[in-house]
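This is what each chain is made of:
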Amino acid sequence: MRELIEKIMEEGEVLSEHVLKVDRFLNHQVDPQLMKKIGEHFADEFRHERITKVLTLESSGISPALMTAYELNVPLLVARKRKPVTLSENTYKASVYSFTKREETEIFVSQTLLDCEDRVLIIDDFLANGQAALGLTDIVAQAKAHVAGIGIVIEKAFQGGGQLLRSRGYRVVSLARIASLQDGTVKLIEEVMCE
Ligand code: G4P
């Protein structure tokens, strides 16, 4: 997606060979116009899938996921990383291991908000090792709902997540694919991958 790639090149900061900081438009400060375009793009890619719900994981997935849900005119469901006191009913629960943070997090979704009739589009900001997205597919499976696709804003293609998810048969659409972050430089795989 041209506008996203321009933003990454102009405002992204390479922190290390593994980490790209995009705090000026995605992870800390958020660019609403860019999020709107991202939402339109994902909606166009997945509209034919008759999506009933968009699912993301708090917190940085929320901005692109909300705009996608708005464009598809369906609810956005946000998996929680802590069980809030208001989430008293039964929950679907999955474990997500972060290789980046070297810690395991439990994620929760109310059983009242997802069921076997749902066709779910998973949206997240970053795809690294794929553990967050896999945790969300686990939640969808527990609800006996269907994963209709996975939309990722920035995929670090040099880590294993994209390959892992695609090998499991999921259609993953990434709007920007990073080939490497070596020598302080963002190298992109230019074309959008749809599989
Ligand atoms: P994985 O789910 O693909 O396996 O990713 P991983 O555990 O490695 O990522 C853990 C957290 O770090 C996630 O955010 C993810 O979005 C973020 N992340 C991973 N690589 C990068 C990167 O290169 N740049 C940035 N900016 N973030 C990265 P999180 O802990 O869920 O945080 P948040 O959603 O609350 O912001």
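Residues numbered from 1 in each chain as written. Predicted model: local features only at pLDDT ≥ 70, side-chain atom pairs only at ≥ 80, totals over all residues. Heavy atoms only, no water.

(A) Local environment of the UniProt feature "binding site: xanthine" (unreviewed entry) in the chain. The sites that carry the UniProt feature "binding site: xanthine" (unreviewed entry) are, in the present numbering, Leu-20, Asn-27 and Lys-156. Tracing the sequence through the fold places Leu-20 in strand 2 (residues 20-21). Apart from the residues within four sequence positions on either side, Leu-20 is in contact with Ile-8, Gly-12, Glu-13, Val-14, Phe-126, Ile-154, Ile-178, Leu-181 and Val-186. Within the element layout of this structure, Asn-27 appears in the loop between strand 2 and helix 2 (32-46). (UniProt positions renumbered as here; feature names shortened; annotations may be inferred. Helix = DSSP H or I, 4+ residues; strand = E, 2+ residues; numbered from the N terminus. Contact = heavy atoms within 4.5 Å.)

(B) Structural detail: the UniProt feature "binding site: 5-phospho-alpha-D-ribose 1-diphosphate" (unreviewed entry) in the chain. Mapped onto this structure's residue numbering, the UniProt feature "binding site: 5-phospho-alpha-D-ribose 1-diphosphate" (unreviewed entry) falls at Ala-128, Asn-129, Gly-130, Gln-131 and Ala-132. For Ala-128, the position within the fold is in the loop between strand 7 (119-127) and helix 4 (131-142). Once residues within four sequence positions are removed from consideration, Ala-128 is found in contact with Lys-156, Gln-159, Gly-160 and Gly-161. Setting aside residues up to four positions removed in sequence, Ala-132 forms contacts with Leu-57, Val-96 and Asp-124.

(C) Representation of the pattern of salt bridges. Within this structure, the stated rule accounts for 12 salt bridges. As a salt-bridge pair, Lys-7 and Asp-31 come within 3.1 Å of each other at their nearest N and O atoms. One end of the pair, Lys-7, is in helix 1 (residues 2-11); the other, Asp-31, is in the loop between strand 2 and helix 2, with 24 residues separating them in the sequence. Close ionic contact of Glu-45 with Arg-171 constitutes a salt bridge, the shortest N to O distance being 2.7 Å. (Salt bridge = Lys/Arg side-chain N within 4 Å of Asp/Glu carboxyl O.)

(D) Local environment of the site of the ligand. By nearness alone, 21 residues border the ligand, and Leu-20, Ser-60, Thr-100, Lys-101 and Lys-156 come closest of all. Taking Ser-60, its side chain carries an N or O atom lying 2.6 Å from an oxygen atom of the ligand. Ala-128 is positioned with one of its backbone polar atoms (N or O) 2.8 Å from an oxygen atom of the ligand. For the ligand, whose accessible area on its own is 730 Å², the fraction buried by protein is 84%. Examining the composition of the shell around the ligand, we find that 3 residues originate from one element, strand 7, more than from any other. Residues belonging to the shell around the ligand are distributed by class as follows: 7 nonpolar, 9 polar and 5 charged. (Near = heavy atom within 4 Å. Polar contact = N/O pair within 3.5 Å; in protein donor to acceptor, adjacent residues only side chain to side chain. Areas by Shrake-Rupley, 256 points an atom, 1.4 Å probe, with all protein chains shown as cover. Nonpolar A, V, L, I, M, F, W, Y, C, P; charged D, E, K, R; others polar.)

(E) Representation of the environment of Ala-176. Of note, Ala-176 is situated in strand 9 (residues 172-180). With 150 residues separating them in the primary sequence, Ala-176 and Leu-26 have C-alpha atoms 13 Å apart. If sequence neighbours within four positions are ignored, Ala-176 has contacts with Leu-4, Ile-5, Ile-8, Val-153, Ile-154, Glu-155 and Leu-188.

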